[in-house]
Structures are given as structure tokens and as C-alpha cells.
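Structure at a glance
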2 protein chains.
Amino acid sequence: MKKIINIGKVKLGAGNIVIQSMTNTITKDIESTVAQVKELAKAGAELVRVSVPDKESAFALKEIVNLTPVPIIADIHYSSEPAIIAIENGVSKIRINPYNMNKKELSAVVKKCAEFSVPIRVGVNKGSAKDLKTPRELAVSALDCAHLIEDMGWDKIVLAVKSSDVRETVEAYRTLNEITDYPLHIGLTEAGTEKYGLVKSAIAIGSLLLEGIGDTIRVSLTANPVKEVYAAKQILQAVGLDKNFVEVVACPTCARTQIDVVGLAEKIEKITENYTIPIKIAVMGCTVNGIGESKGADFGVAGGKYRSVIFKNGEKLKTVNNSEIENALIELIAEKING
Amino acid sequence: MKKIINIGKVKLGAGNIVIQSMTNTITKDIESTVAQVKELAKAGAELVRVSVPDKESAFALKEIVNLTPVPIIADIHYSSEPAIIAIENGVSKIRINPYNMNKKELSAVVKKCAEFSVPIRVGVNKGSAKDLKTPRELAVSALDCAHLIEDMGWDKIVLAVKSSDVRETVEAYRTLNEITDYPLHIGLTEAGTEKYGLVKSAIAIGSLLLEGIGDTIRVSLTANPVKEVYAAKQILQAVGLDKNFVEVVACPTCARTQIDVVGLAEKIEKITENYTIPIKIAVMGCTVNGIGESKGADFGVAGGKYRSVIFKNGEKLKTVNNSEIENALIELIAEKING
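Residues numbered from 1 in each chain as written. Chains lettered and ligands numbered in written order. Predicted model: local features only at pLDDT ≥ 70, side-chain atom pairs only at ≥ 80, totals over all residues. Heavy atoms only, no water.

**Brief notes about the relation of the copies chain A and chain B**
For the record, the criterion: Only residues with pLDDT of at least 70 in both copies count here: their C-alpha atoms drive the least-squares fit that superposes the copies. It only takes one pair of heavy atoms within 4.5 Å for two residues to be counted as in contact.
The transform that puts chain A on chain B rotates by 180° and translates by 0.0 Å along the axis, for an RMSD of 0.0 Å. Here the copies are linked by what is in effect a two-fold axis. The C-alpha atom lying nearest the rotation axis in chain A is that of A:Ile203; the distance is 2.2 Å. Looking at the interface residues of chain A, 100% of them are also at the interface in chain B, so both copies use one shared face.

The following block contains the structure:
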């Protein structure tokens with residue numbers, strides 16, 4: 001069993017996977033930071049981290065914490081001073097990287113965390129720990145730091161071991177998961193640009209989640225952080241850990257395709273993107289796999305040359321002219337939503 | 001050891017992972033189909049499958065095979081007749097789904113395959129095999145079909161078991177990998193639209209490849225099939241199975257960021273997207289992880305307020321004004337390429 005760690009109102013280690021992201025505003029620009037935290041929360045982030053590079057940013061946290069709807073995490077490097085101010089100003093978690101903080105500074109942070117009951121995430125990054133050569137060394141170094149923090153008198157800890165390499169990251173987390181009961185924050189570091197970073201993050205985070213590893217996830221993309229939250233949601237949906245969404249399964253189209261599958265699938269996905277009820281809709285270009293997939297979905301269409309078959313709950317519902325497919329599916333969605 | 005199966009000039013089961021895609025043109029429209037096969041091959045597809053729904057499409061294959069640079073696979077359902085014509089007209093592989101073909105038709109296809117030494121892919125899709133409830137049943141049904149084909153006198157076989165569900169697909173392939181030595185074609189079926197389909201495919205294919213499972217991959221997207229090839233390449237790159245590309249690692253930016261990381265990373269990625277030599281470039285917004293990641297890369301930049309540090313081969317090379325970063329990186333890329 002995992003230890004359960006409370007980050008404000010959010011529990012880590014309790015079984016559900018918590019989505020988090022990080023602002024990229026100037027933290028001390030309170031207005032911009034609050035706006036971005038709200039935007040991230042609206043998109044689905046349950047925790048938001050902000051970088052706290054100096055005292056001014058740390059003092060700004062008081063207002064940021066008060067004006068935002070999700071627990072705020074302070075990202076701290078090198079010095080204990082911003083961490084101490086951040087804790088006094090209401091943050092719900094501190095993230096430190098043991099390779100960017102000496103023992104004296106760490107001890108001051110830990111003491112303050114214990115006093116205010118604020119959990120610490122130990123986030124080891126390969127990029128700042130070049131003496132660590134193997135995934136096992138990354139994992140052990142994170143746990144060593146947790147033991148150090150325990151010795152300093154505090155045990156509300158979350159662990160992370162990130163690399164920019166998918167295989168290395170997956171192996172490091174597998175090891176870490178074996179050797180500790182602390183909740184794990186999973187993700188890649190410096191994953192990359194929007195598309196390639198998404199592919200790397202999906203593989204690393206997705207394969208760990210499929211193995212039951214991970215308590216909170218952050219997708220790092222070199223892009224607007226709102227895209228990180230959408231990507232995180234899609235990863236959870238893809239591995240079946242978030243079923244409260246409208247899933248459009250659609251065929252890749254081929255010479256057998258009789259209807260505009262791409263347009264129809266994209267349109268249905270767009271219409272339903274903010275729905276939080278579980279519906280599976282199949283948009284299939286022909287009957288080869290169409291009938292089967294449509295039967296596996298709540299409802300769907302299998303395209304024909306002029307008329308197409310609409311399925312519902314595994315049964316053929318009706319045949320409609322191809323110009324009427326979209327409306328038929330929209331009607332079925334509305335019916336499902338209205339109970 | 002895997003059995004090695006020759007698909008024309010391409011070997012499956014020999015250790016490297018072969019990228020394939022499928023046309024979505026009307027096959028009998030020879031001009032469009034040839035153009036798309038060429039486009040897919042140029043993007044990186046090593047095998048291309050075409051749907052062969054009728055005799056006219058099958059006869060069109062003669063010209064398509066002659067005019068294209070990669071082995072062509074004929075996708076056949078229900079009837080043996082198009083398969084037989086396709087084989088006589090030079091295709092390098094036949095794909096059948098045992099749930100869409102009776103034994104008599106299958107036997108005729110197998111006989112022709114043996115005569116012309118054309119391998120068969122048995123592609124079981126959950127969508128067309130609703131009586132198969134578990135991943136194990138999917139895997140066993142594919143192997144049963146392979147045994148049937150062996151009994152009919154042919155053993156050049158490739159196997160696939162696809163579902164639109166990530167977890168089910170991964171588990172089915174794990175089982176299949178344990179029980180057979182035939183090469184495996186891996187992928188999801190009806191994965192979905194461009195973005196969500198990419199996330200699902202990256203997780204399913206990526207986690208299997210990380211376990212050493214898979215000999216050829218197809219990413220199915222409800223989108224232009226060229227995007228499937230790019231996605232396949234990115235998946236191989238992300239799991240370290242294709243090192244011949246320019247990898248841009250970049251930080252997700254935060255309050256510490258001093259330079260335009262997003263713009264710079266996207267630009268470098270764009271400039272180098274068709275390069276096939278292995279270079280790792282780090283674009284980092286500050287020095288927290290920047291120096292470490294830059295050292296892990298061939299070269300890179302760690303941003304500062306006005307001037308930034310350019311690293312090469314783990315060492316600080318020079319400091320440049322922020323307006324000069326892009327040119328400094330481009331110079332280093334050119335230097336690397338020219339030897």
C-alpha cells in the first residue's frame with residue numbers, strides 16, 4: 001500500500017491519478033500567474049506548480065494561493081529562503097531537487113515543512129545529476145534523499161526521478177516503485193516540443209500507468225501549459241483511468257471508405273470535448289470492421305455508399321441517408337446525456 | 001528467435017522495426033494510389049498496404065507494384081478472388097482477417113500464396129471478432145489461424161491482434177509474443193483522430209517496443225496516412241530504436257525562463273526534420289537543469305538574461321548575446337553534418 005499524502009485538499013497515493021501542470025508566467029506578475037493557474041485548473045489540472053526563483057516571487061504566493069482554486073506547489077532551487085517564505089504564505093507542497101540544494105539549506109526547508117505540515121516532493125532530474133549513470137542510481141538517489149528528510153524529522157514526501165530519455169525514465173520509476181511506498185510523481189523532463197514531447201510523454205507515462213505505477217502525472221511540453229493538461233487527460237483516457245469522457249473510435253479510412261470519416265470524427269470529438277460522461281462512439285467508413293466496432297460502442301455508424309447503418313447498444317437502429325449521419329449521431333448523444 | 005519472413009526486399013523478424021502504412025485512395029485509381037504510395041515511402045514507410053475490395057482493384061495492382069518503390073501488401077476481405085489476382089499481379093504480402101473469410105476461400109488464398117511464395121498476415125481485429133472476449137482469446141485465435149494455414153501447406157506468416165483499447169491490445173500482444181515465433185505486426189485498430197489516436201498509438205506501440213515486442217508497426221490515424229508514418233518514426237525515436245535523427249530536448253519553460261525556448265526549439269526541429277544523422281540538441285531556458293541537459297547533449301544552450309551559454313560535447317564552448325543563439329546552434333549543426 002502507498003502512503004497517502006495530502007496536498008491541500010488533494011490526496012496523492014489514494015488510487016486515483018492526479019493531473020498537475022506548471023505555470024510559465026513570471027510568478028511575481030500575480031495577475032498573469034493567477035490567470036494561468038485558473039486556466040490550467042479549468043482545463044483539468046488538480047495541482048499547479050509555480051517556479052519561485054526569488055523572495056519577491058515567494059511573497060507573491062500569498063495572493064496567488066488566495067485567488068486560485070487548486071493547491072499551489074512551490075518549485076524551489078538552491079536556497080531555503082524562498083521556500084520558507086512560500087510555506088509561510090500558504091503553498092500546499094514544496095518541490096526541491098536534492099542536486100540543487102545543500103544539506104544546510106535542505107534542513108531549513110524540511111524544518112519549516114514539518115512546522116506547517118507541508119509535504120515535500122523530491123524531484124531528481126538526470127539533467128542536474130550527471131554523476132548518476134543508471135536508472136537504478138536515479139531511483140536510489142531519490143530514496144536516499146527521502147531518508148535524509150526523514151532523519152531531519154519529516155515524512156510527508158513524494159518522489160520523482162525524471163530523465164529526458166523514455167526508456168531510462170520508465171526503468172528508474174519501476175525501480176523506485178519497488179523500493180518505496182511514497183507516492184510517485186511521474187513524467188519525463190525536458191520532453192520536447194508539442195508533438196514529439198507528446199509522443200515521448202505518452203509512451204513513458206502511459207506504460208508506467210499500465211503497470212499501475214504513478215500517483216500524479218505531469219506532461220512537460222515546450223508549449224502552452226494548457227496543452228500539458230489536455231495531453232495528461234488524453235493519456236489517462238487512453239489507458240482507461242478516466243472513463244468520464246466521450247471517446248470517438250474511428251477507422252483510418254482506406255479504399256473501402258464510403259463516408260467522410262475524418263471530418264465526421266473530428267466534428268463529433270470537437271462537439272463533445274468538454275462532456276464528462278462516458279460515451280463511446282464509433283465512426284467507421286465501411287462494414288468490414290464497422291459493424292463490429294459499432295457494436296462495441298454505445299452507438300456509431302458504419303458507412304455505406306448512399307445510406308449508412310446507425311447502431312445503438314450493439315443493435316442496428318436504423319439506416320439513414322449519408323447526409324443525415326451527423327444529425328443522427330448528435331441526436332443519440334443528446335439522448336444519452338439527457339438520460 | 002523470431003522466424004524471418006521476407007516481404008519482397010524487406011525482412012520482418014530480423015531485429016529492426018519496419019514502418020508501414022496504408023493508402024486511403026481508391027485503389028483502382030492507379031494514379032492517385034501510386035502517388036500516395038510514393039509519398040508514404042518518401043516519408044519513411046518501408047511497406048505500404050492497399051485495400052483490395054474488388055477484382056478491378058486487384059488488376060490495378062500490377063501497375064501500382066511496378067510504379068512504386070516499396071513492397072505492396074494487399075488487404076483482402078471475404079473473397080479469395082481479389083487475393084489470387086493480387087498475388088498474380090505481384091504483391092509482396094496478403095493480409096487477411098480470419099473472421100472475414102471462410103475456410104474454403106482461405107484455402108484458395110493460401111494455395112496461391114504458397115505457389116508464388118507470398119507471405120500472409122493474419123490480422124485479427126476485435127471489431128470483427130466479437131465472440132473473442134479476452135486479450136488471450138484474441139492472441140490464441142490468431143495463432144489458431146496460423147496453424148490452420150500451416151495445415152493448408154504454407155508457413156510464411158505474420159500475426160496481428162488489434163483492438164481499439166490500449167490495455168487490451170498490449171495484453172493480447174504480450175500473450176501472442178509468448179506463444180509464437182512468427183513476426184508480429186503491432187498497432188491499434190481504429191485508434192481515432194489525429195491527436196487522441198496518436199496518444200493511444202504511442203502508448204500501445206511504445207510500451208510493446210520497450211518490452212522488445214513487435215517487428216513491424218502501423219500507426220492507424222483517422223487522418224492523412226503520411227501523418228501515420230511521421231508518428232511511427234517519432235515512436236521509434238522516442239523508445240531509442242531509431243537514433244538517426246536530430247533530437248531537440250527542450251524544457252517546458254517556467255518563471256525562470258530567460259529566452260524564447262518554444263520558438264527556438266520548434267525552429268531547430270523544423271530546420272532539421274529531414275536530417276538522418278544522430279544529433280541531440282538541448283534548448284534550455286535557464287541554468288537549473290540547463291547546464292546538465294546541455295552537457296548530456298551534443299550541444300545546446302542554457303539561457304541567461306542577456307547572454308546565454310553555448311555548450312558542446314559536455315563543455316562550455318562560449319557565451320553569446322541572446323540574439324545570436326540561433327545562429328550559434330545552426331553553425332554547430334552544420335559543423336556536425338560536415339564532419
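Structure shown, so let's carry the discussion forward.
**Re the domain arrangement of chain A**
Here is the rule: Boundaries of every domain are those given by an automatic assignment or by a domain database.
Partitioning chain A into domains gives domain 1 (5-238) and domain 2 (246-337). Taking only C-alpha atoms into account, the centre of domain 1 of chain A sits 40 Å from that of domain 2 of chain A.

**Let's talk about the pairing of strand S8 (residues 157-162) of chain B**
Residue and element names in this part refer to chain B. Let me state the cut-off plainly: Working definition: with a 1.4 Å probe on protein chains only, accessible area under 20% of the residue-type maximum means buried, over 50% means exposed, and in between means partly exposed. Each helix corresponds to a stretch of at least 4 residues labelled H or I by DSSP, and each strand to a stretch of at least 2 residues labelled E; elements are numbered beginning at the N terminus. Between any two strands, at least two bridges found by DSSP are needed for them to pair. Seen with the strands pointing away from the viewer, any crossover whose path from the first strand over the helix to the second strand runs clockwise is right-handed.
Taken across its six residues, S8 has six buried, putting it largely inside the fold. Neither face of S8 is left uncovered, since the one carrying Ile157, Leu159 and Val161 and the one carrying Val158, Ala160 and Lys162 both have all their residues buried. Pairing geometry for strand S7 (residues 120-125) and S8, over six bridges, is parallel. Bridge pairing links valine 122 to leucine 159 in S8. On the question of chirality, the crossover connecting S7 to the parallel S8 by way of helix H5 (residues 135-151) is right-handed.

**Looking at helix H1 (residues 30-43) of chain B**
Residues spaced three or four apart along an α-helix point in a common direction, a consequence of the helix completing one turn every 3.6 residues. Residue and element names in this part refer to chain B. Stated formally: Helices are assigned an expected span. That span is 1.5 Å times one less than the residue count.
In this model H1 runs 20 Å from its N-terminal to its C-terminal C-alpha over 14 residues, within 8% of the 20 Å that 1.5 Å per residue would give. For H1, the complete set of buried residues consists of Thr33, Val34, Gln36, Val37, Leu40, Ala41 and Ala43. For H1, the elements touching its buried residues are strand S3 (18-22), strand S4 (47-51), helix H2 (55-67), strand S5 (72-78) and helix H8 (225-238). Once H1 finishes, glycine 44 follows within two positions and takes phi at roughly 130°, a positive value.

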